[in-house]
Each structure stands twice: as structure tokens, then as C-alpha cells.
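# Descriptive structure summary
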Amino acid sequence: MTVREWVKGRSSQVPDALTARILEFLGPDADASASKAGELCLAAAKRSLEQLLASGRYERDSALDLLAVDALTTFAFEHASESASGAGDIKDLATNGARALSGIATNV
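The written sequence of each chain sets the order in which its residues are numbered from 1. Local features in this predicted model are restricted to residues of pLDDT 70 or higher, and side-chain atom pairs are both shown and tallied only at a pLDDT of 80 or more, whereas totals for entire chains, interfaces and linings draw on every residue. Excluding hydrogens and water, the side-chain values take into account all heavy atoms of the structure.

### Things to note about the overall build of the protein
Helix numbers and strand numbers start at the N terminus; a helix is a DSSP run of H or I with at least 4 residues, a strand a run of E with at least 2. Each helix and strand in the protein was counted, giving 5 helices and 0 strands. The secondary structure elements of the protein, listed N-terminal to C-terminal, are α-α-α-α-α. Type-normalised accessible area, obtained with a 1.4 Å probe on protein chains alone, sets the label of each residue: buried when under 20%, exposed when over 50%, and partly exposed for intermediate values. Taken over 108 residues, the protein has a buried fraction of 34%. Put simply, 68% of the contacts in the protein that link residues at least 6 apart link residues at least 24 apart. When the accessible area of the protein is evaluated, it comes to approximately 6,200 Å², of which 53% is carbon and sulfur surface. Every residue pair with non-hydrogen atoms within 4.5 Å of one another is taken to be in contact. For the area figures, the Shrake-Rupley method with a 1.4 Å probe applies, and any residue is considered shielded solely by the protein chains shown.

Laid out in C-alpha cells, this is it:
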């Protein structure tokens, strides 16, 4: 199973436009093994948020992109909770995610 298939399997009640944007933000990583979904979703969220902030896109017309960043972050933690061998794995993802996303905020 690929990350794309994993995301689509969890997106049955998500608007098609949002799923498409999530997959667009994942880019080639969408074709990687679903075993890496957590780290790849978090990386895509970080990249996408950096691009939005760098281009000053904070207005309503960027809402879909911001929702996609949020969904990618949620998917990262969902994957970690499903596949973690212990609480340490989830803690590591949370720590790395917090560092990555807060690092963006301090650079704006």
C-alpha cells in the first residue's frame, strides 16, 4: 500500500478538492510505502506551510491550502498512533513535528 492509498482510505468523507490538495502537497512522496505515511505527511505539512508563509498567503483564498496542511498534520499523528510500537514513537513524532512547525513560525 502507498501513502496515496492510505490517505484516500481515510478520506472517504473529505471533499475531493481537499484530498487532491493533500496529495498534491505530498508530491512524489504519495507513491512511497504507507509505512512512512506519518513522517511523509508531516514533512509535506511543513514544506507546504513554509511556502504559504513565505509567499504571504494568509487570506481566505488560501483556506484550502491551510486545511490541507492541517489534514496532513492530523494524518501524521493518526498514522503514528496506528503504527507505533509504543508511546515513544508517538512522542518522537510529536516532538519532531512541534520543532519543525514552530521553527517555521520563528522564521516569519
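### Section: the packing of aromatic side chains
Stacked, tilted and edge-to-face pairs are distinguished by plane angle, under 30 degrees for stacked and over 60 for edge-to-face with tilted covering the rest, among Phe, Tyr and Trp rings (Trp via its six-membered ring) whose centres lie within 6.5 Å. Scanning the model with the defined rule gives 1 aromatic pair in all. Between the aromatic rings of Trp 6 and Phe 75, the centroid separation amounts to 5.7 Å while the plane-to-plane angle is 75 degrees, which identifies the pairing as edge-to-face. Remark: Phe 75 occurs in helix α4 (residues 63-83) and Trp 6 occurs in helix α1 (residues 3-9); sequence separation between them is 69 residues. On the accessibility criterion, Trp 6 (4% relative accessible area) is buried.

### Here we look at the environment of His 79
Relative to the elements of secondary structure, His 79 occurs in helix α4. Under the relative-accessibility criterion, His 79 is labelled buried at 8%. Sequence spacing of His 79 and Gly 38 is 41 residues, and the spatial spacing of their C-alpha atoms is 5.2 Å.

### Looking at the packing of helix α2 (residues 16-26) against α4
For the pair α2 and α4, interaxial distance at closest approach is 9 Å and the crossing angle is 70 degrees. As summarised for this structure, α2 and α4 are arranged roughly perpendicular, according to the angle between their axes. Contact with α2, carried on its side by Ala 17, Leu 18, Arg 21, Ile 22, Phe 25 and Leu 26, involves Leu 64, Asp 65, Leu 67, Ala 68, Val 69, Ala 71, Leu 72 and Phe 75 of α4 and no other residues of that element. To obtain each axis, a line is fitted to C-alpha atoms, and for helices this fit is confined to the stretch in contact; angles are then taken between N-to-C directions over 0 to 180 degrees. What sets the label is the angle itself: under 35 degrees gives roughly parallel, over 145 gives roughly antiparallel, 65 to 115 gives roughly perpendicular, and the rest give oblique.

### Focus on the side chain of Ser 62
Structurally, Ser 62 is set in the loop between α3 (37-54) and α4. On the basis of relative accessible area, Ser 62 is assigned to the buried category, the value being 1%. Once residues within four sequence positions are removed from consideration, Ser 62 is found in contact with Leu 52 and Arg 57.

### Side note on the nonpolar core
Only buried Ala, Val, Leu, Ile, Met, Phe, Trp, Tyr and Cys residues count toward a nonpolar core, and they belong to the same one when joined by side-chain atoms within 4.5 Å. Within the largest apolar cluster, 24 residues are counted, with the highest numbers of intra-cluster contacts made by Val 7, Ile 22, Leu 26, Cys 41 and Leu 72. Ranked by residue count, the leading element in this core is α3, at 8 residues.

### Remarks on the pattern of salt bridges
Any Lys or Arg side-chain nitrogen found within 4 Å of a carboxyl oxygen on Asp or Glu counts as a salt bridge. Considering all chains together, one arrives at 8 salt bridges under this definition. The salt bridge involving Arg 10 is made with Glu 78; its shortest N-O contact spans 3.0 Å. A residue pair is termed long-range when its members are at least 10 positions apart, and Arg 10 in the loop between α1 and α2 and Glu 78 in helix α4 qualify at 68 residues. Judged by its relative accessible area of 26%, Glu 78 falls in the partly exposed class. Notably, a salt bridge pairs Asp 29 with Arg 47, separated by 3.8 Å at the nearest N-O pair. On the criterion of sequence distance, the pair formed by Asp 29 in the loop between α2 and α3 and Arg 47 in helix α3 is long-range, its members being 18 residues apart. Ionic contacts of the salt-bridge type, sharing partners, join the residues Arg 21, Glu 24, Arg 57 and Asp 65 into one network.

In short, shape yes, function no, at least from these values alone.
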